[in-house]
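Structural description and commentary
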Amino acid sequence: MTIDLKTVKHISKLARISVDEEKANKLAGDLNSIFTFIEKLNELNTSDVQPLTSIAETTLRFRKDEIKSENIREKILKNSPENNEDFFVVPKVVE
Amino acid sequence: MTEITDLTLNEIVTNIKKKKISSTEVTKSFVERSEKSKKLNAYITENFSSAIEQAKKFDENPNYELKLPGIPIAVKDLFCTDGIKTTAGSKILNNFIPTYESTVTQNIWDQGGILLGKLNCDEFAMGSSNETSFFGNVQNPIGENLVPGGSSGGSSAAIAANLTPVTIGTDTGGSIRQPASFTGTVGLKPTYGSCSRFGIVAFASSLDQAGPMTKNVKDCATLLEVISTFDKKDSTSIDFKRNNYSSELTKNIKGKKIGIPKEYRVDGMPVEIESLWSKGIEYIKDCGAEIIDISLPHTKYALPTYYIVAPAEASSNLARYDGVKYGFRSLGENLIDMYEKTRSEGFGEEVKRRIMIGTYVLSSGYYDAYYLKAQKVRQLIKKDFDDAYKKVDAILTPSTPSSAFKIAEKTNDPVSMYLNDIFTVPVNLAGLPGISLPAGTDKNGYPLGLQIIGKPFDEQSLLNIAYSMEEKINFKNKITNWWM
């Protein structure tokens, strides 16, 4: 299969990465060569194979649902791109 | 006269414990040498003056019981360090100062280690040559304009150039072992679940592991002992009985069975790699171990599988970089526009390429054809190893299909760059431990490594085999200080 310009633009929307025309063309070329390489997997019949979903073969541990860190609001907001002592600030969402 | 910076970790620790040298002297030596080595571009963030202050404090009140008593250590800039900028080699994290510490680095400081600085790496650990870093490529101390490997390229350059006694990297598809091989140093990727992933900037969570990068096998065992701990903060951390790797280290590997997989004899592999591998087999026989031919039939599907699984996980992990809560933000006309511009300007080309691959293989209508397919093939790759380990204790392969290449040689062809990881990627997919050991040089004198792959949680056997081979190989890295 081939990945055309339209598909590249669709993926870039899904990935929330804006690409201009020139970049989209280059990406289409790169992605096509990568997917040609990836499609080697189609040689294999895997209809009877269970997918490997976890390499660590353990069941997830349960723990009590309790608060362990308190008063970390400052820490959480410390790296916020726009300063506001109470909230994360983003462009206006509701008109 | 031998300089302090020429010494191994264990030699420095012994000298500090015997009070022959102080932590301050050691730290100053590494700082001084690092200052003279800026041309290598190994560091992203230097912590030199603070390190010397901490060394002085250690000397005022030394604790010689610790495993890393007053030892300065630079680490890959993928480990979050409390109060010290952590970039993952990306513009998008160029202003990020964590308010917490990764478990692996905390383990190092708890044993007396002192942070010397944060080392360069490929952006979000995506690369095999350190050329995708926002902070520029790193020079390989072996020769000018050679790549140091990647993604832990700053780490491999720093250890080979004696800028730090030991260091740590992370390995998702070969990012510790390939740079170790390119720089004539030792690098170990532990079993998945051995070292906590808490506080490590995530790339592909089912593959990522932290591990030691050192000058020799003994140092590797010492550092692994420090960083490998069970951690409740990582849901995939495994609570198993860890060995005292350094004190249990032995050169006695008599009777061990070592497998040689025929599928690793790939087309176009340089003769030098082939003959290095044959020499490795002879060394193992000399050590008293037994060689057994094995087959890992799905080896050729490992890279295509990896290039579905890793980007898929990356596209999901990197969704958090949206310019809202931390990191770089580009102004937009509205929220969506801000996301798109932030991510477009904040990520480099390779990272964007992989996010796009990941987004595509996970998107509606393609999930079964790509992601599910890859998970099934991953199962087959793991089964290959499970079957092999019924017959052998460990597996010997080359670490890489070539020696270090020139800067800019492969940047225009992503697939040829990906082929670098052909021998290392299967190990991550199967969650196994693997070590790269320097074993010889090519016709240019560039180092070549051999990889030993072990059974899950059997890092001790891996280290023992490497330790006994190391003595036979007697590799000496030729570093000329050309950059000074």
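Residues numbered from 1 in each chain as written. Chains lettered and ligands numbered in written order. Predicted model: local features only at pLDDT ≥ 70, side-chain atom pairs only at ≥ 80, totals over all residues. Heavy atoms only, no water.

Observations regarding the overall build of chain B
Of the regular secondary structure elements, chain B holds 15 helices and 11 strands. In terms of overall dimensions, chain B is globule-like: its C-alpha atoms have a radius of gyration of 21 Å, near the 23 Å expected for 484 residues. Taken along its principal axes, the extent of the C-alpha atoms in chain B is 65 × 55 × 45 Å. By residue count, 67% of the 484 residues in chain B fall in the buried class. A separation of at least 24 residues holds for 75% of the contacts in chain B among residues at least 6 apart in sequence. In the structure as shown, chain B presents an accessible area of about 16100 Å², 48% of it carried by carbon and sulfur atoms. (Helix = DSSP H or I, 4+ residues; strand = E, 2+ residues; numbered from the N terminus. Rg over C-alpha atoms; globule rule 2.2 N^0.38 Å. Buried < 20%, exposed > 50% of the residue type's maximum accessible area, 1.4 Å probe, protein only. Contact = heavy atoms within 4.5 Å. Areas by Shrake-Rupley, 256 points an atom, 1.4 Å probe, with all protein chains shown as cover.)

Considering a positive patch on the surface
On the surface, a cluster of positive charge is contributed by Arg61(A), Arg63(A), Lys68(A) and Lys232(B). By secondary structure assignment, the location of Lys68(A) is in the loop between α2 (21-38) and α3 (73-77). (Patch = residues over 30% accessible without salt bridge, like charges linked within 9 Å, V, L, I, M, F, W, Y side chains within 5 Å. Salt bridge = Lys/Arg side-chain N within 4 Å of Asp/Glu carboxyl O. Lys, Arg positive; Asp, Glu negative; His and termini not counted. Charge placed at Lys NZ, Arg CZ, Asp CG, Glu CD.)

A short note on the interface of chain A and chain B
Facing 52 residues of chain A, the contacting portion of chain B comprises 67 residues. Together, the buried faces of chain A and chain B total about 5300 Å²; carbon and sulfur atoms form 68% of this surface. Put simply, Glu43(A) and Lys300(B) hold a salt bridge, and the shortest N to O gap is 4.0 Å. The tally of links from chain A across to chain B stands at 20 residue pairs in polar contact (both at pLDDT 80 or more). Those elements giving two or more residues to the side of chain A that touches chain B turn out to be α1 (5-14) and α2 of chain A. When residues in the side of chain A that touches chain B are grouped by element, the largest group, 10 residues, is from α2(A). Across the side of chain A that touches chain B, the residue classes break down as 27 nonpolar, 12 polar and 13 charged. (Buried area = accessible area lost by both parts, 1.4 Å probe. Polar contact = N/O pair within 3.5 Å; in protein donor to acceptor, adjacent residues only side chain to side chain. Nonpolar A, V, L, I, M, F, W, Y, C, P; charged D, E, K, R; others polar.)

With respect to the layout of surface pockets
Residue and element names in this part refer to chain B. Its volume calculated, the largest pocket comes out at about 840 Å³. Its residues assigned to classes, the lining of the largest pocket comprises 13 nonpolar, 6 polar and 8 charged. By volume, the second largest pocket amounts to about 550 Å³. Taken together, 22 residues make up the lining of the second largest pocket; nearest its centre are Lys215, Asn216, Phe475, Lys476 and Asn477. Contributions of two or more residues to the lining of the second largest pocket are made by α5 (153-160), β10 (434-441) and α15 (459-473). In terms of residue count, α15 provides more of the lining of the second largest pocket than any other element does, 4 residues in total. When its residues are assigned to classes, the lining of the second largest pocket shows 8 nonpolar, 7 polar and 7 charged. (1 Å grid on protein atoms, 1.4 Å probe; cavity = no way out; pocket = protein on both sides within 12 Å on 5 of 7 lines; lining within 4 Å. Points joined across faces, edges and corners; volume = space filled by probe spheres on them.)

Describing the nonpolar core
Residue and element names in this part refer to chain B. Counting residues in hydrophobic clusters, the biggest one holds 158 residues, and the most contacted among them are Phe124, Phe385, Leu396, Leu463 and Met469. The element contributing the most residues to this core is helix α9 (residues 302-317), with 9 residues. Ignoring sequence-local partners within four residues, the contact set of Phe124 consists of Leu78, Ala88, Ser90, Ile92, Leu93, Val201, Phe203, Leu318, Tyr321, Phe347 and Val351. Ranked by size, the runner-up nonpolar core spans 8 residues in total, among them Ile142, Val147, Phe182 and Ala404. (Core = buried A, V, L, I, M, F, W, Y, C linked by side-chain atoms within 4.5 Å.)

Structural notes on the packing of aromatic side chains
Residue and element names in this part refer to chain B. A complete count under the given rule lists 22 aromatic pairs over all chains for this structure. For the pair Phe58 and Tyr64, a centre-to-centre distance of 6.5 Å together with 80 degrees between the ring planes defines the contact as edge-to-face. With relative accessibility at 26%, the residue Tyr64 sits in the partly exposed group. With centroids separated by 5.9 Å and ring planes inclined at 70 degrees, the aromatic side chains of Phe124 and Phe347 adopt a geometry described as edge-to-face. Highlighted residues: Phe124 in the loop between β3 (114-119) and α5 and Phe347 in the loop between α10 (335-346) and α11 (349-362), separated in sequence by 223 residues. For Phe347, a relative accessible area of 3% translates into the label buried. Through pairs of rings, three or more aromatic residues link up here, namely Phe96, Phe124, Tyr321, Tyr326 and Phe347. (Phe/Tyr/Trp six-rings, centres within 6.5 Å; stacked < 30°, edge-to-face > 60°.)

Overview of the sheet that holds β10(B)
Residue and element names in this part refer to chain B. Pairing in this open sheet of 8 strands is mixed, and the strands run β4-β6-β5-β10-β11-β9-β7-β8 from one edge to the other. Both outer strands of the open sheet, β4 (167-171) and β8 (290-294), are each paired with one neighbouring strand and no more. For this sheet, the mean inter-axis angle between neighbouring strands, taken without regard to orientation, is 30 degrees. Two elements, β10 and strand β11 (residues 447-454), share 7 bridges in a ladder whose sense is antiparallel. Its bridge partner being in β11, Thr441 is matched across the sheet by Pro447. Against the sheet, helix α7 (residues 217-227) touches β4, β5 (186-189), β6 (209-214) and β10, its axis set at about 145 degrees to β6. (Pairing = 2+ DSSP bridges. Axes fitted to C-alpha atoms, helices over the stretch in contact; angles between N-to-C directions.)

Structural notes on the environment of Ser315(B)
Residues and elements named next belong to chain B. Relative to the helices and strands, Ser315 resides in helix α9. Take Ser315: its relative accessible area is 10%, and that puts it in the buried class. It is 38 Å that separates the C-alpha atoms of Ser315 and Asn244, two residues lying 71 residues apart in sequence. Apart from residues no more than four positions distant in its own chain, Ser315 is found in contact with Ile355, Gly358, Thr359 and Leu362.

Examining the pairing of strand β7 (residues 257-261) of chain B
Along any regular strand the residues' side chains alternate between the sheet's two faces. All names here are of chain B. The element β7 is largely enclosed, with a buried count of 4 among its 5 residues. Pairing between β7 and β8: 5 bridges, direction parallel. Note that in β8 the partner of Pro261 across the bridge is Ile294. Following the chain from β7 across helix α8 (residues 271-286) to the adjacent parallel β8, one finds a crossover that is right-handed. Bridge analysis of β7 against strand β9 (residues 394-398) gives 2 bridges, and the strand direction is parallel. Within β9, the position partnered with Ile258 by the bridge is Ala394. (Right-handed = clockwise from strand over helix to strand, strands pointing away.)

A closer look at the packing of helix α4 (residues 103-110) of chain B against α7(B)
Residue and element names in this part refer to chain B. Interaxial distance between α4 and α7 falls to 8 Å at its minimum, and their mutual angle equals 110 degrees. One element, α4, and the other, α7, form an angle in the roughly perpendicular class. Mapping the contact onto sequence places Val104, Asn107 and Ile108 in α4 and Leu223, Val226 and Ile227 in α7. In the contact of α4 with α7, the residues fall into 5 nonpolar, 1 polar and no charged. (Parallel < 35°, antiparallel > 145°, perpendicular 65-115°, else oblique.)

These results come straight from atomic positions and should not be treated as a statement about function.
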